[in-house]
Amino acid sequence: MATNSPTPLPSMIVHADWGSNPGQRWMAKSTLRNGRYLVHEPEPVGNSSTLTQRTHADAGEAAALIGFDFPIGLPVGYAEQVGAQDFLALLPRLGHGEWSNFYDVADRLDQIGFHRPFYPNSPFPKGSKKHRHLLDSLHVASIEDLRRRCDKARADRQAAETIFWTLGPKAVVKAANLGWKEVLTPALPNTANVNAWPFDGMLRDLIQPGNAVIIETYPAEFYRQLGIVLKPGKRSQEARQQNADTLFQWAHACDVELDPKLDVIIENGFGPSPDGEDPFDATIGLFGMLNVLLGNQQLYEPTDVVTRKIEGWMFGQSANSDETNNGSERKAYAYTPPIEDDPPSEYRPLADLYDLEYTHDYDLPFWLS
């Protein structure tokens with residue numbers, strides 16, 4: 001298999017299309033056989049809370065990569081307000097103790113708060129629910145403060161909706177809400193050999209034998225990268241069917257084998273039902289992941305600590321053209337790792353800069369004690 005990627009290739013790749021209705025969750029799977037990927041027909045996800053464990057078990061001693069199309073991470077504008085410096089460390093606390101109402105979507109202005117940020121539960125009365133309610137309650141000036149860097153507008157696409165807002169076609173709150181509860185919390189953190197990219201490190205370091213790696217995907221981003229055009233929309237069988245040749249040509253060019261059953265499904269536009277968009281997105285997400293792994297789409301790996309520890313990143317998305325989003329304004333909110341005899345490799349490049357900033361040592365005995 002021809003590949004320009006410096007990243008090791010996982011033996012199993014799974015992409016799950018996520019939604020609020022468990023009955024409409026589909027996944028697509030690809031396995032590496034004799035140096036070539038085989039893509040299987042999409043299938044229902046089944047028990048959401050065990051998907052990561054099942055995939056890990058199926059991969060055995062090999063590496064597995066699992067993509068989910070829901071946000072993984074928090075906007076730094078919100079994280080600053082609640083004092084969160086590490087998304088994975090905060091994750092198991094959500095839904096418990098002072099965070100017990102975190103996943104309960106607020107429906108009234110007086111219910112919104114730092115520990116209950118999702119809003120609103122209902123759009124009614126029509127026009128009564130506004131972004132301003134969310135901004136005022138979470139003490140931020142702009143909706144941009146509630147978007148992650150990877151959610152912000154780009155030259156080739158509009159901004160994504162904030163993960164906390166439930167209304168409109170771009171809302172992802174239900175997927176994030178359920179995904180964090182049903183997938184991430186059972187699997188992360190502190191689960192042996194299960195990691196999340198980019199929070200736990202660079203992809204090449206995470207894709208190792210026996211490891212399962214969770215990533216965030218955005219199928220709409222993969223549409224552009226794969227040349228998918230959906231008119232009048234992905235709920236149309238005809239629109240999905242018109243992309244069949246594009247998908248077949250991509251597979252041929254990348255030396256990716258398609259299961260004969262998948263050939264038929266693609267040719268048929270994933271069936272006549274509007275719900276065919278779910279297995280379609282699961283498959284497109286998998287193709288997009290393969291496209292990155294095989295070196296046809298550059299893998300951008302953020303290096304700033306805010307993105308890697310708090311906000312996360314969409315797999316396969318390039319760096320923002322607006323470099324101010326990755327510049328000095330992000331350095332003001334710095335994550336300080338615990339002192340270790342042998343600091344993790346990701347912090348070693350920062351050691352000299354840290355020493356320049358903190359030149360005194362008179363308080364060292366106090367902190368050591």
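In this text, all values refer to a predicted model and were calculated from it rather than measured experimentally.

1. Examining the overall build of the protein
Right, on to step 1. Across its full length, the protein carries 15 helices and eight strands.
Right, on to step 2. When the 369 residues of the protein are sorted by exposure, 51% land in the buried category.
Right, on to step 3. Partitioning the contacts of the protein with sequence separation of at least 6, the portion at a separation of at least 24 is 65%.
Right, on to step 4. Taken as a whole, the protein presents about 17400 Å² of accessible surface, with 51% of it coming from carbon and sulfur.

2. Some details on the confidence of the model for the protein
Right, on to step 1. Here the protein averages 86 in pLDDT, and 84% of its residues register 70 or above.
Right, on to step 2. Note that pLDDT drops below 50 for residues 322–344; the model gives that stretch 31 contacts with residues more than four away or on any other chain.

3. Some points on the side chain of S48
Right, on to step 1. Counting through the fold element by element, S48 comes out in the loop between β4 (43–44) and α1 (51–59).
Right, on to step 2. By relative accessible area, which is 9% here, S48 ends up buried.
Right, on to step 3. For S48, the residues in contact, after removing those within four places along its chain, are W18, R25, E182 and V183.

4. Re unusual backbone geometry
Right, on to step 1. Here the amide bond leading from W197 into P198 is cis, since omega sits at 5°, within 30 degrees of zero.
Right, on to step 2. Counting through the fold element by element, P198 comes out in the loop between β6 (194–196) and α6 (203–206).
Right, on to step 3. Of note, the phi angle at N34 is positive, near 55°, even though the residue is not glycine.
Right, on to step 4. Along the chain, N34 falls in the loop between β2 (26–33) and β3 (36–39).
Right, on to step 5. Even without a glycine there, the phi angle at D255 is positive, about 55°.
Right, on to step 6. Within the secondary structure, D255 sits in the loop between α9 (244–253) and β8 (257–258).
Right, on to step 7. Judged by its relative accessible area of 32%, D255 falls in the partly exposed class.

5. So, the pattern of salt bridges
Right, on to step 1. Per the stated rule, a full pass over the model turns up 20 salt bridges.
Right, on to step 2. Among the ionic pairs, R148 bridges to E216, the shortest N-O distance being 2.8 Å. You can see R148 sitting in the loop between α4 (131–137) and α5 (173–187) and its partner E216 sitting in strand β7 (residues 212–216), a full 68 residues away along the chain. With respect to burial, R148 and E216 carry one shared label: buried.
Right, on to step 3. Between R235 and E277 there is a salt bridge; the shortest N-O distance is 2.6 Å.

6. A look at the nonpolar core
Right, on to step 1. Grouped together as the largest cluster of nonpolar side chains are 53 residues, with contacts concentrated most on W18, W180 and L184.
Right, on to step 2. Sorting elements by how many residues they give to this core places α5 first, with eight residues.
Right, on to step 3. Setting aside its immediate chain neighbours within four residues, L184 contacts F70, I72, F87, L91, G179 and I214.
Right, on to step 4. Grouped together as the second largest cluster of nonpolar side chains are 43 residues, Y37, F222, L262 and I266 included.

7. Quick notes on the side chain of K309
Right, on to step 1. As for its placement among the helices and strands, K309 is situated in helix α12 (residues 305–311).
Right, on to step 2. Given a relative accessible area of 11%, K309 falls into the buried group.
Right, on to step 3. A polar atom in the side chain of K309 sits 3.2 Å from the backbone oxygen of F199.

8. As for the packing of aromatic side chains
Right, on to step 1. On inspection of all chains with the given rule, the structure shows 17 aromatic pairs.
Right, on to step 2. Measuring from centroid to centroid gives 4.7 Å for W250 and F287, while their planes differ by 20°, and the two rings are stacked. A residue pair is termed long-range when its members are at least 10 positions apart, and W250 in helix α9 and F287 in helix α11 (residues 277–293) qualify at 37 residues.
Right, on to step 3. Through successive ring pairs, a cluster of aromatic residues spans Y78, F87, W99, F102, Y103, F118, F164, W180 and F199.

Conventions adopted
Residues numbered from 1 in each chain as written. Predicted model: local features only at pLDDT ≥ 70, side-chain atom pairs only at ≥ 80, totals over all residues. Heavy atoms only, no water. Helix = DSSP H or I, 4+ residues; strand = E, 2+ residues; numbered from the N terminus. Buried < 20%, exposed > 50% of the residue type's maximum accessible area, 1.4 Å probe, protein only. Contact = heavy atoms within 4.5 Å. Areas by Shrake-Rupley, 256 points an atom, 1.4 Å probe, with all protein chains shown as cover. pLDDT = per-residue confidence, 0-100. Salt bridge = Lys/Arg side-chain N within 4 Å of Asp/Glu carboxyl O. Core = buried A, V, L, I, M, F, W, Y, C linked by side-chain atoms within 4.5 Å. Polar contact = N/O pair within 3.5 Å; in protein donor to acceptor, adjacent residues only side chain to side chain. Phe/Tyr/Trp six-rings, centres within 6.5 Å; stacked < 30°, edge-to-face > 60°.

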